[in-house]
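Structure at a glance
Next come the chains, spelled out residue by residue.
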Amino acid sequence: MKVLSTPTNLQILHEDNHLIIINKRVGDIVQGDKTGDIPLSEVVKEYLKHKYQKPGAVYLGVVHRLDRPTSGIVVFAKTSKALSRLNELFSTRQTQKTYWAVVKNQPPQPTDSLQHFISRNEKNNTSKAHSKEVPGSKLASLDYQVIQKLNAYWALEIQLHTGRHHQIRAQLAAIGCPIKGDLKYGFDRSNPDGGIHLHARKLVFTHPVSKELIEITAPTPQDVIWNAIG
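Residues numbered from 1 in each chain as written. Predicted model: local features only at pLDDT ≥ 70, side-chain atom pairs only at ≥ 80, totals over all residues. Heavy atoms only, no water.

Some details on empty space enclosed by the protein
Applying the stated criterion across every chain, the model contains one cavity of 30 Å³ or more. Around the largest cavity, the lining residues are His64, Leu66, Ile73, Phe90, Lys97, Thr98, Tyr99, Ala200, Arg201, Lys202 and Leu203. Counting only elements with at least two residues in the lining of the largest cavity, the list comes to strand E5 (96-104) and strand E10 (198-206). Among the elements that line the lining of the largest cavity, the one with the most residues is E10, at four residues. For the lining of the largest cavity, the class distribution of residues is six nonpolar, two polar and three charged. (1 Å grid on protein atoms, 1.4 Å probe; cavity = no way out; pocket = protein on both sides within 12 Å on 5 of 7 lines; lining within 4 Å. Points joined across faces, edges and corners; volume = space filled by probe spheres on them. Helix = DSSP H or I, 4+ residues; strand = E, 2+ residues; numbered from the N terminus. Nonpolar A, V, L, I, M, F, W, Y, C, P; charged D, E, K, R; others polar.)

Rendered as structure tokens:
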């Protein structure tokens, strides 16, 4: 999977003195990993370095991550003060996170709350959603509602209440609704771009310094399926 973002094609949703919010493309990694691919954090640093003509190193704090095959909102901190406060907001769930997903099969209910216990398999980088607590598992909670029927698929809006590894992917697979393109969780074929139809659509939080309410909505990627949601 190729890294798609460069300093010149970043989709910037918000920027001020303390933070910068990016609409991540499918295929970008937020932070460096064993692949050695250039992460989005370094691309954003390069953008800031050129924009503000900074001669030295650029400070940028990674607040949270999105899975590589997903798209949508990613928040970075431009100051250490903002980073520590944003870390607190995210870790204590003082944020409202809304995702969109396109799934195979009609969900059991048009709207529902899902609670599972998520266990992670480090070896193959997957998670499993269990109906009951198992050793090493953590409680995972989300609400979903069907927002549109799309020919062979269903579009869901998801309110995320916990932030477990691959949580949305594992929980939707557990109710028989794997996300389009998500081979790891039971979808039967990959998407052409190697991504999955999961998008971090909206984020609401209190600005870590100014204390104003920040509400960000990220446009979905341009493809036939996403474009059909209206």
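Looking at the pairing of strand E11 (residues 213-217)
Residues Ile214 and Ile216 point to one face of E11 and are all buried, whereas Leu213, Glu215 and Thr217, pointing to the other face, are not buried. Pairing of E10 with E11, which is carried by five bridges, proceeds in the antiparallel orientation. Counted as the bridge partner of Phe205 is Ile214 from E11. Between the antiparallel neighbours E10 and E11 lie six residues, among them Lys211 with a positive phi of about 70°. (Buried < 20%, exposed > 50% of the residue type's maximum accessible area, 1.4 Å probe, protein only. Pairing = 2+ DSSP bridges.)

Quick notes on unusual backbone geometry
In this structure, Gln53 is a non-glycine residue whose phi angle is positive, near 50°. Mapped onto the elements, Gln53 comes out in the loop between helix H1 (40-51) and strand E3 (61-62). Positive phi outside glycine occurs at Asn125, with the angle close to 55°. Tracing the backbone shows Asn125 in the loop between strand E6 (111-121) and strand E7 (126-130). The exposure class of Asn125 is partly exposed, given its relative accessible area of 31%.

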